[in-house]
Amino acid sequence: AGFLQLFELIEKHRKKDDEEIEIIIKAQGFKNLAYLKHTLLQKLLDAILSSKQSKDEQAEILYELILIKSLREKKLIPLAVKKWEAVYKQCLQKGFATHIQLLLHERWHLSLEKEKFNSVKEYTDFIEFYLDHSHSYEKLTRIRQLERKSRMLMKKSYFVDEKDDQLLKDLAVNLKFLSGEMKYFDQEYQILYNAAQSYIHFLQHNFNDAYFSARSCFGYLKESRKSFCRFNENFTLQFLKYYSDLLFLVNRKEEIPELLSTLKKISFSTDYFTGQQQIIIFLIDNRLAHKEYNYDEVKKLYLESKNHLDEWLEKCALEWRPVLLGSISISAYVSGLPQKGLYFLYQYEKSYAKSFRKEILSFFYLFGVLLAYESKDYEVFNTTYHKAYMHFYRNPEHYPIFDEI
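In this report, we go over the structure that sits alongside the text.

Parameters at a glance
Residues numbered from 1 in each chain as written. Predicted model: local features only at pLDDT ≥ 70, side-chain atom pairs only at ≥ 80, totals over all residues. Heavy atoms only, no water. Helix = DSSP H or I, 4+ residues; strand = E, 2+ residues; numbered from the N terminus. Buried < 20%, exposed > 50% of the residue type's maximum accessible area, 1.4 Å probe, protein only. Contact = heavy atoms within 4.5 Å. Areas by Shrake-Rupley, 256 points an atom, 1.4 Å probe, with all protein chains shown as cover. Core = buried A, V, L, I, M, F, W, Y, C linked by side-chain atoms within 4.5 Å. Salt bridge = Lys/Arg side-chain N within 4 Å of Asp/Glu carboxyl O. Axes fitted to C-alpha atoms, helices over the stretch in contact; angles between N-to-C directions. Parallel < 35°, antiparallel > 145°, perpendicular 65-115°, else oblique. Left-handed = near helix turned anticlockwise from the far one by under 90°. 1 Å grid on protein atoms, 1.4 Å probe; cavity = no way out; pocket = protein on both sides within 12 Å on 5 of 7 lines; lining within 4 Å. Points joined across faces, edges and corners; volume = space filled by probe spheres on them. Nonpolar A, V, L, I, M, F, W, Y, C, P; charged D, E, K, R; others polar. Polar contact = N/O pair within 3.5 Å; in protein donor to acceptor, adjacent residues only side chain to side chain. Expected span 1.5 Å × (residues − 1). Phe/Tyr/Trp six-rings, centres within 6.5 Å; stacked < 30°, edge-to-face > 60°. Lys NZ or Arg CZ within 6 Å of the ring centre and 35° of its normal.

In this section: the overall build of the chain. In terms of regular secondary structure, the chain is built from 20 helices and zero strands. Here the chain holds 405 residues, and the buried ones make up 45% of them. Intrachain contacts of the chain at a sequence separation of at least 6 include 65% that bridge at least 24 residues. As displayed, the chain offers around 23500 Å² of accessible surface, 54% of which is attributable to carbon and sulfur atoms.

Here we take up the nonpolar core. Formed by 101 residues in total, the largest nonpolar core has its most connected members in Leu221, Phe239, Tyr242 and Leu324. Among the elements that make up this core, the one with the highest residue count is helix 9 (residues 186-203) (ten residues). Residues contacting Leu324, with those up to four places away along its chain left out, are Ile279, Phe282, Leu283, Leu309, Trp312, Leu313 and Cys316.

With that out of the way, let us pick up the pattern of salt bridges. Following the criterion strictly, the structure yields 14 salt bridges and no others. Asp245 is the salt-bridge partner of Arg287, the closest N and O atoms lying 3.1 Å from each other. Taken together, the positions of Arg287 in helix 14 (residues 271-291) and Asp245 in helix 12 (residues 233-249) put the pair 42 residues apart, joining distant regions of the chain. Judged by relative accessible area, which is 37%, Arg287 ranks as partly exposed.

Moving on: the packing of helix 15 (residues 295-315) against helix 17 (residues 338-349). At a minimum axis distance of 14 Å, the contact between helix 15 and helix 17 shows a crossing angle of 15°. In this view, helix 15 runs roughly parallel relative to helix 17, as classed from their interaxial angle. In the packing of helix 15 onto helix 17, the handedness of the crossing is left-handed. Contacts between helix 15 and helix 17 pair Tyr302, Leu309 and Leu313 from the former with Lys340, Phe344 and Gln347 from the latter.

Looking at where Glu57 falls in the secondary structure, it is placed in helix 4 (residues 57-73). Taking the C-alpha atoms as reference points, Glu57 and Phe231, 174 residues apart in sequence, are found 9.1 Å from one another. Once residues lying within four places of it in the same chain are set aside, the contact partners of Glu57 are Gln90, Lys94, Phe96, Arg230 and Phe231.

Let us now look at empty space enclosed by the protein. Across all of its chains, the model carries one cavity of 30 Å³ or more by this definition. Its boundaries defined by the atoms lining it, the largest cavity holds a volume of some 100 Å³. Elements with a minimum of two residues in the lining of the largest cavity: helix 17, helix 18 (358-374) and helix 19 (378-394). Grouping the amino acids of the lining of the largest cavity by side-chain chemistry returns six nonpolar, two polar and two charged.

So, on to the side chain of Arg151. If you trace the backbone, Arg151 turns up in helix 7 (residues 120-156). Here the side chain of Arg151 touches Glu147 through a polar contact of 2.8 Å, side chain to side chain. Other than its neighbours up to four places away in sequence, Arg151 contacts Tyr199, Asn234, Phe235 and Gln238.

By volume, the second largest pocket is sized at about 620 Å³. Taken together, 30 residues make up the lining of the second largest pocket; nearest its centre are Gly95, Arg144, Glu188, Phe228 and Asn232. Those elements giving two or more residues to the lining of the second largest pocket turn out to be helix 4, helix 5 (77-94), helix 6 (97-113), helix 7, helix 9, helix 11 (228-231) and helix 12. Its residues assigned to classes, the lining of the second largest pocket comprises twelve nonpolar, ten polar and eight charged.

Relative to the 26 Å expected for 18 residues at 1.5 Å per residue, helix 9 spans 26 Å between its end C-alpha atoms, a close match to the ideal helical length. Burial analysis of helix 9 places 15 of its 18 residues in the buried class, the great majority of the element. Once helix 9 finishes, His205 follows within two positions and takes phi at roughly 65°, a positive value.

Below, the discussion takes up the environment of Phe392. Checked against the element boundaries, Phe392 lands in helix 19. What makes Phe392 buried here is its relative accessible area of 11%. Sequence separation between Phe392 and Leu366 is 26 residues; the distance between their C-alpha atoms is 9.9 Å. If sequence neighbours within four positions are ignored, Phe392 has contacts with Ser362, Leu366, His398, Tyr399 and Phe402.

Glancing now at the packing of aromatic side chains. By the definition in use, this model includes 22 aromatic pairs. Aromatic side chains Phe228 and Phe235 sit 5.6 Å apart centroid to centroid with 85° between the ring planes, which places their arrangement in the edge-to-face category. Members of the aromatic cluster, connected to one another through ring pairs, are Tyr199, Phe202, Phe207, Phe218, Phe228, Phe235, Phe239, Tyr242 and Tyr243. Above the face of the Trp84 ring, Arg107 is positioned so that its terminal group lies 5.5 Å from the ring centre.

Quick look at the packing of helix 10 (residues 207-223) against helix 12 now. At a minimum axis distance of 10 Å, the contact between helix 10 and helix 12 shows a crossing angle of 140°. As the angle between them shows, helix 10 and helix 12 are arranged oblique. You can see that helix 10 and helix 12 cross each other, and the crossing is left-handed. Of the residues in helix 12, those touching helix 10 at Phe207, Ala210, Tyr211, Ala214, Arg215, Cys217, Phe218 and Leu221 are Phe235, Thr236, Phe239, Leu240, Tyr242, Tyr243, Leu246, Leu247 and Leu249. The class makeup of the residues in the contact of helix 10 with helix 12 is 15 nonpolar, one polar and one charged.

Right, let's talk about the side chain of Thr384 for a bit. Tracing the sequence through the fold places Thr384 in helix 19. Among the residues examined, Thr384 registers a relative accessible area of 4% and is labelled buried.

Function cannot be inferred from these measures alone, as they are strictly geometric.
Right, dumping it as structure tokens:
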């Protein structure tokens, strides 16, 4: 009861400084604050874990695995084996590769405890399956690493510099050694394999090849909305955002409705990911309206976006922030509001140092010069012009990209 009272007290005054909260807590008769903080944190973590376990199948399986191990250590082998079989069947249906690997390792320990559960043939078959599965899981782990490294390059910049060029070549070579087919975890493997292949093609500026690989990945994602997408929400959102950019780049806008339909059908587990889903839908709708010169729709979307912008910026993935603010800024300009457009660019400039994508900043500075000129304010134009000049002076590697502009 005391800890509940303490938690409610902190929650009530959460907007105050730590020192003020400590004074309020002491006034209520609480002592030894260091100990109270530590214990309260542990209780909060236990409550979060308990809540997560009941809502998350993967967390529930890990909990079951702990129970199986505990049963084995207490020599309750028949019960442990029965529970193991139920959990293994569930993992197989869901395609939880890492959990299956952990379960197989535990099954090995169970077989050592009581060999009577395995005839010689059953024992031999299990060992062969265990080794085969481990080999496949190793390949899956490799493709996971390769996909993450290639995605890291995409986050860093769409223009690969000399330092990253060798890494890109190494990734392309490693991908060739990994087959696109695999006995176990076929769905996850194919999704990651095709995504990595698309990223590498994109960074090599082979945009059509990047599209075809991404199209294959998208097909697998559509089939696995209730399995892979559900348990890999961050990957799903990042990839669908990338795929939408790619469709516009290779002039396949007729495929956008299919992408939007799929994106809207995916149910995400938290408000954070649902917010990102809404951001992507807005970015696609807005870009499509610009592409089709539908400026009435552009104005409509611009007015709607202003109501959600603060919430979106809070939930926005860091690398999407410039795209979101840039998109709204362009819409403001098209709507005849250049000063508003400049305001959205300034919002990004305050936090751009945290972003990888410096070439986007180059575009922003040039676009800012146009917006400042259109605003017909000499002081604003003069300041914006000199900021842009100094940016390109400090980043000469970006100058050739925008020289013609």
